[in-house]
Each structure stands twice: as structure tokens, then as C-alpha cells.
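# Results of the structural survey
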Amino acid sequence: MNRSQIVKISKALADKTRLRIFEAISACKHMNCGEIVSMRGVTPATVSHHLKILSEAGLIGCHREGQFVYSQAVPKTIGAYARALTKITRRRKPLRRK
């Protein structure tokens with residue numbers, strides 16, 4: 001995972017509403033926009049905006065079933081993100097003592 005992907009995912013998860021939406025989607029097999037709206041008390045337009053950002057970051061995938069578009073978490077992305085953060089922390093430079 002490159003640095004720009006790490007930044008994109010970090011920014012996507014930094015918003016508290018987006019994080020709550022991602023948590024809700026991750027907790028089940030998949031959710032549609034209406035289910036998220038009813039759970040979180042936000043407008044459909046707001047949910048749609050947040051889903052777009054989560055999707056662009058690769059955190060969720062979307063698929064159509066009839067008239068509904070369902071979102072589901074992409075565990076592979078979270079795994080790669082966690083490994084990238086771990087790698088960053090291991091590259092830490094030692095503190096300089098004066």
C-alpha cells in the first residue's frame with residue numbers, strides 16, 4: 001500500500017459519521033442506503049456522499065441487487081492498511097538524546 005492510499009483511508013475514517021457508517025456496514029454482510037439512513041439519522045444525500053468517499057478509499061464495495069445498491073466492507077483493504085501502519089511504526093527513528 002502506498003502513502004497516498006494510506007492518506008486516503010485515514011481521511012475517510014477520520015470523519016465520525018463516516019466511521020460510524022463503516023462500522024455499521026462492517027458489522028453485517030451488507031447494507032443498503034435506506035438501512036444506513038434509518039440507523040444513523042442522516043439524510044440519504046449525506047449517506048450517499050459518505051459511501052462514495054468510503055468506496056473511493058477502497059473500504060467498501062457496492063453491488064446492485066434489483067433496485068437496491070448494497071455496500072459491504074472490504075476486509076482486504078483494512079488488513080493492508082493495518083499492515084502499512086504497523087510498517088510505519090516500525091520504521092520509527094530512535095529519539096535523539098541531548
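Residues numbered from 1 in each chain as written. Predicted model: local features only at pLDDT ≥ 70, side-chain atom pairs only at ≥ 80, totals over all residues. Heavy atoms only, no water.

## Brief notes about helix 1 (residues 3-14)
For helix 1, built from twelve residues, the straight-helix expectation of 16 Å at 1.5 Å per residue is met to within 8% by its first-to-last C-alpha distance of 16 Å. Burial in helix 1 covers these residues: Ile6, Ile9, Ala12 and Leu13. End-on view of helix 1: buried residues confined to an arc of 130°, all on one side of the axis. Those residues of helix 1 that are exposed and angled more than 90 degrees off the buried face are Arg3, Ser4, Lys11 and Ala14. (Helix = DSSP H or I, 4+ residues; strand = E, 2+ residues; numbered from the N terminus. Expected span 1.5 Å × (residues − 1). Buried < 20%, exposed > 50% of the residue type's maximum accessible area, 1.4 Å probe, protein only. Arc of directions from axis to C-beta.)

## Concerning the packing of helix 2 (residues 16-26) against helix 4 (residues 44-56)
Each pair of packed helices gets described by two things: the angle between the helix axes and the distance between those axes. Running from amino to carboxyl end, helix 2 crosses helix 4 at an angle of 75°, the nearest separation of the two axes being 10 Å. One way to sum up the angle between helix 2 and helix 4 is to call them roughly perpendicular. For the pair helix 2 and helix 4, the contacting residues are Thr17, Arg18, Ile21, Phe22 and Ile25 in the first and His49, His50, Leu51, Ile53 and Leu54 in the second. Partitioned by chemical class, the residues of the contact of helix 2 with helix 4 number six nonpolar, three polar and one charged. (Axes fitted to C-alpha atoms, helices over the stretch in contact; angles between N-to-C directions. Parallel < 35°, antiparallel > 145°, perpendicular 65-115°, else oblique. Contact = heavy atoms within 4.5 Å. Nonpolar A, V, L, I, M, F, W, Y, C, P; charged D, E, K, R; others polar.)

## Quick notes on the nonpolar core
Formed by 19 residues in total, the largest nonpolar core has its most connected members in Leu13, Ile25, Ile36, Leu51, Leu54 and Leu59. Where this core is concerned, the elements lending two or more residues are helix 1, helix 2, helix 4 and helix 5 (75-90). If we ignore the near neighbours within four places in the chain, the residues touching Leu59 are Ile9, Ala12, Leu13, Phe22, Leu54, Gln72, Ala73, Val74, Thr77 and Ile78. (Core = buried A, V, L, I, M, F, W, Y, C linked by side-chain atoms within 4.5 Å.)

## Things to note about the packing of aromatic side chains
Overall, the coordinates contain one aromatic pair when judged by the stated rule. With centroids separated by 6.2 Å and ring planes inclined at 55°, the aromatic side chains of Phe68 and Tyr70 adopt a geometry described as tilted. According to the relative accessible area criterion, Tyr70 is buried, its value standing at 14%. (Phe/Tyr/Trp six-rings, centres within 6.5 Å; stacked < 30°, edge-to-face > 60°.)

## Points about helix 5
Given a rise of 1.5 Å per residue, 16 residues ought to cover 22 Å, and the 23 Å separating the end C-alpha atoms of helix 5 matches this to within 8%. If you check which residues of helix 5 are buried, you get Thr77, Tyr81 and Ala84. One side of helix 5 carries all its buried residues, which in axial view fall inside an arc of 65°. Relative to its buried face, helix 5 has exposed residues pointing more than 90 degrees away, namely Pro75, Lys76, Arg83, Lys87 and Arg90.

Geometric values such as these leave the question of function open.
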